[in-house]
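Close look at the chain arrangement
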Amino acid sequence: MNKPKIIFFDVDGTLVPLKGAARPRTLEALRRLHQNGIRLCIATGRAPMEVPKFEGVSFDAFLTYNGSYCFTPEQDIFKNTIPTEEVATLIRNAAALGRPVALANTTRLAANGSEPDLEEYFAIGGVELKIAEDFEGEIFQVLMGGREEEYPAILKDVPHAKIAAWWNRAVDIIPASGGKGIAVEKVLEFYGISKADSTAFGDGNNDLEMFGAVGTGVAMGNALPQVRACADMVTDTVENEGIAHALQ
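Here we summarise the structure given alongside this text.

Definitions and limits used
- Residues numbered from 1 in each chain as written.
- Predicted model: local features only at pLDDT ≥ 70, side-chain atom pairs only at ≥ 80, totals over all residues.
- Heavy atoms only, no water.
- Phe/Tyr/Trp six-rings, centres within 6.5 Å; stacked < 30°, edge-to-face > 60°.
- Helix = DSSP H or I, 4+ residues; strand = E, 2+ residues; numbered from the N terminus.
- Buried < 20%, exposed > 50% of the residue type's maximum accessible area, 1.4 Å probe, protein only.
- Polar contact = N/O pair within 3.5 Å; in protein donor to acceptor, adjacent residues only side chain to side chain.
- Contact = heavy atoms within 4.5 Å.
- Disulfide = S-S within 2.5 Å.
- Salt bridge = Lys/Arg side-chain N within 4 Å of Asp/Glu carboxyl O.

**Let's talk about the packing of aromatic side chains**
- With the rule as written, the count across this model stands at 10 aromatic pairs.
- Ring centres of Phe 9 and Phe 201 lie 5.3 Å apart, and the angle between their planes is 15°; this geometry places the pair in the stacked category. Pair noted here: Phe 9 is in strand β1 (residues 6–9) and Phe 201 is in strand β11 (residues 198–202), with a separation of 192 residues, a long-range link.
- Phe 201 sits in the buried class, given a relative accessible area of 0%.
- With a centroid separation of 5.5 Å and 40° between ring planes, the pair formed by Tyr 121 and Trp 166 is classed as tilted. Pair noted here: Tyr 121 is in helix α3 (residues 116–124) and Trp 166 is in strand β9 (residues 161–167), with a separation of 45 residues, a long-range link.
- Residue Tyr 121 is classed as buried on the basis of its relative accessible area of 7%.
- Through successive ring pairs, a cluster of aromatic residues spans Phe 54, Phe 59, Phe 62, Tyr 65, Tyr 69, Phe 71 and Phe 140.

Following this line, the structure appears as structure tokens:
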């Protein structure tokens, strides 16, 4: 792995275990990267307000909602939304499957109901599932419980959206023109950094496009088999400080 100028990090299963907090050596590695002038970016399916804090670590940019909403602490970089009429169709499709949905904008993530898969999906990230009757503003991502065999029914008559899944019991639905890969390209352009000078760490299917957008893609040891197969490098698991091992 060449010394990068910028590194993108998935959160769940990469920076932090699905249950637990970031490990000490991982935090120390992140601090040293920043001290050496390397830009650090979060790249997650999480909402902006649900990105965990990392003690003593400052991130330069945040790619949230699987890259649908990207920003620095000072300004927006890229916004990509699902058409309003297709959000309504997704809600109807979900209802036909007996599933509620959660809709995400820049300030709120709320659902029109609850069920076990969606509840556990939120619990993985330590996020409370909030219920609301109204949904206003731009929608960057739709979240719902869903298995692979349900994907065609979920996306029926929704041509401008796609599924970005990293767990086999739930899905993130994002703009068809979006994804972590597109978001990484926008951030690299924003900072004037070449693809060759960038690295990304991830573990899920929603990280595959990101690996294609950077010079070096690093899969965690706990990553799905297809993710490890597509990576330039495979490191140890998140529990065993895989990020620190790879950087060392």
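Next comes the rest of the write-up.
**Focus on the side chain of Thr 26**
- Relative to the helices and strands, Thr 26 is located in helix α1 (residues 24–35).
- A polar atom in the side chain of Thr 26 sits 2.6 Å from the side chain of Glu 241.
- Apart from the residues within four sequence positions on either side, Thr 26 is in contact with Leu 15, Glu 241, Ile 243 and Ala 244.

**A word on the state of the cysteines**
- Counted under the stated rule, the structure contains 0 disulfides.
- Counting only cysteine sulfurs, Cys 70 is the nearest neighbor of Cys 41, a cysteine outside any disulfide, at a range of 9.3 Å.
- A relative accessible area of 0% means that Cys 41 is categorised as buried.

**Describing the pattern of salt bridges**
- Considering all chains together, one arrives at 15 salt bridges under this definition.
- With a shortest N-O distance of 2.7 Å, Arg 46 and Asp 12 are connected by a salt bridge. Residue Arg 46 is found in the loop between β2 (39–43) and β3 (61–64), and its partner Asp 12 is found in the loop between β1 and α1; the two are separated by 34 residues along the sequence. For the pair Arg 46 and Asp 12, one class covers both residues: buried.
- It is possible to trace a salt-bridge network through shared partners that takes in Arg 99, Glu 115, Asp 117, Glu 120, Arg 147, Glu 150 and Arg 169.

Worth remembering: the numbers are spatial, not functional.
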